[in-house]
Amino acid sequence: MEKKIRTAVFPGSFNPFTNGHKSIVDRALDLFDNIIIAIGFNEHKEDSGDLHSRLETIRNIYKGNDAVSVESYSGLTVDFVKDKKADAILRGVRNMQDFEYERNLADVNREIAGIETVILIAEPQYGYISSSMVRELNNFGYDISRFIP
Ligand code: ADP
């Protein structure tokens, strides 16, 4: 019997892509054949130069790994997932707040599109890392290299 190729879409803002995000992708590579990191983008609100540098930065991290691709999308995540003929959405949770939020999203996406969400629990050493915290530290001139790949 032929083995099915399983693809997950990991959607997010990734502004910036942190060690916490990387840990989710790396661990999910044991579960899926392919991961598409998908930067959700609002063309009315965001600067496209910013999006391009985010795309390039993440692509560089996975350069040489054919199982990981990096793309951007605007619109509904489930439409992007269907477009790519992917099998599942991948997300991470750090705490109960994340959990409540992710459960709602997962319920909606299953309801409207029949798409399941696979949730990985953050590794403890990354549980406190958020993009907004990293952005804030960066804005105040703090060296953020320990939080990003
Ligand atoms: P969004 O704006 O969609 O929440 P983020 O880029 O903030 O996008 O996060 C993308 C996904 O990664 C979310 O499921 C989020 O919960 C998860 N995530 C964020 N930071 C971490 C972390 N430190 N460890 C594990 N998962 C994380």
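Shown above is the structure to which this text applies.
Residues numbered from 1 in each chain as written. Predicted model: local features only at pLDDT ≥ 70, side-chain atom pairs only at ≥ 80, totals over all residues. Heavy atoms only, no water.

A. The packing of aromatic side chains, seen in detail. Counted under the stated rule, the structure contains five aromatic pairs. Arranged with centres 5.1 Å apart and planes meeting at 55°, the rings of Phe10 and Phe14 form a pair that is tilted. Each of the two residues, Phe10 as well as Phe14, counts as buried. Here Phe17 and Tyr62 contribute two aromatic rings whose centre-to-centre distance is 6.2 Å and whose plane-to-plane angle is 85°, an arrangement assigned as edge-to-face. (Phe/Tyr/Trp six-rings, centres within 6.5 Å; stacked < 30°, edge-to-face > 60°. Buried < 20%, exposed > 50% of the residue type's maximum accessible area, 1.4 Å probe, protein only.)

B. Structural context of the nonpolar core. Of all hydrophobic cores here, the largest spans 21 residues; its most connected members are Val25, Ile35, Ile37, Ile58 and Leu90. Other than its neighbours up to four places away in sequence, Val25 contacts Phe10, Phe17, Ile35, Ile37, Tyr62 and Val68. Counting 10 residues, the second largest nonpolar core, distinct from the first, contains Val9, Val78, Val81 and Ile89. (Core = buried A, V, L, I, M, F, W, Y, C linked by side-chain atoms within 4.5 Å. Contact = heavy atoms within 4.5 Å.)

C. Layout of the pairing of strand β3 (residues 68–73). Where strand β2 (residues 34–40) meets β3, six bridges bridge the pair, whose relative direction is parallel. Bridge pairing links Ile36 to Ser69 in β3. Handedness of the crossover is the feature at issue here: the chain leaves β2, passes through helix α2 (residues 48–61), returns alongside β3, and the resulting connection is right-handed. (Pairing = 2+ DSSP bridges. Helix = DSSP H or I, 4+ residues; strand = E, 2+ residues; numbered from the N terminus. Right-handed = clockwise from strand over helix to strand, strands pointing away.)

D. Quick peek at the layout of surface pockets. The calculated volume of the largest pocket comes to roughly 790 Å³. Taken together, 36 residues line the largest pocket, and the ones lying closest to its centre are Pro11, Gly12, His21, Arg91 and Glu102. For the lining of the largest pocket, the secondary-structure elements that each account for two or more residues are β1 (7–12), α1 (19–28), β4 (88–93), α4 (96–113) and α5 (131–139). For the lining of the largest pocket, the leading source of residues is α4, giving eight residues. Within the lining of the largest pocket, the residues separate by chemical class into 16 nonpolar, 14 polar and six charged. (1 Å grid on protein atoms, 1.4 Å probe; cavity = no way out; pocket = protein on both sides within 12 Å on 5 of 7 lines; lining within 4 Å. Points joined across faces, edges and corners; volume = space filled by probe spheres on them. Nonpolar A, V, L, I, M, F, W, Y, C, P; charged D, E, K, R; others polar.)

E. Representation of the site of the ligand in the model. Taken together, 16 residues are adjacent to the ligand, and Ser13, Phe14, Gly92, Tyr126 and Ile129 come closest. Take Gly92: an N or O atom from its main chain is 2.6 Å from an oxygen atom of the ligand. For the ligand, the protein covers 85% of the area, taking 550 Å² as the surface of the free molecule. Of all the cavities here, the one that holds the ligand is the largest pocket. Within the residue set of the shell around the ligand, elements represented by two or more residues are β1, α1, β4 and α4. Class assignment of the residues belonging to the shell around the ligand gives a composition of seven nonpolar, five polar and four charged. (Near = heavy atom within 4 Å. Polar contact = N/O pair within 3.5 Å; in protein donor to acceptor, adjacent residues only side chain to side chain. Areas by Shrake-Rupley, 256 points an atom, 1.4 Å probe, with all protein chains shown as cover. Sits in = over half its atoms within 2 Å of the grid points.)

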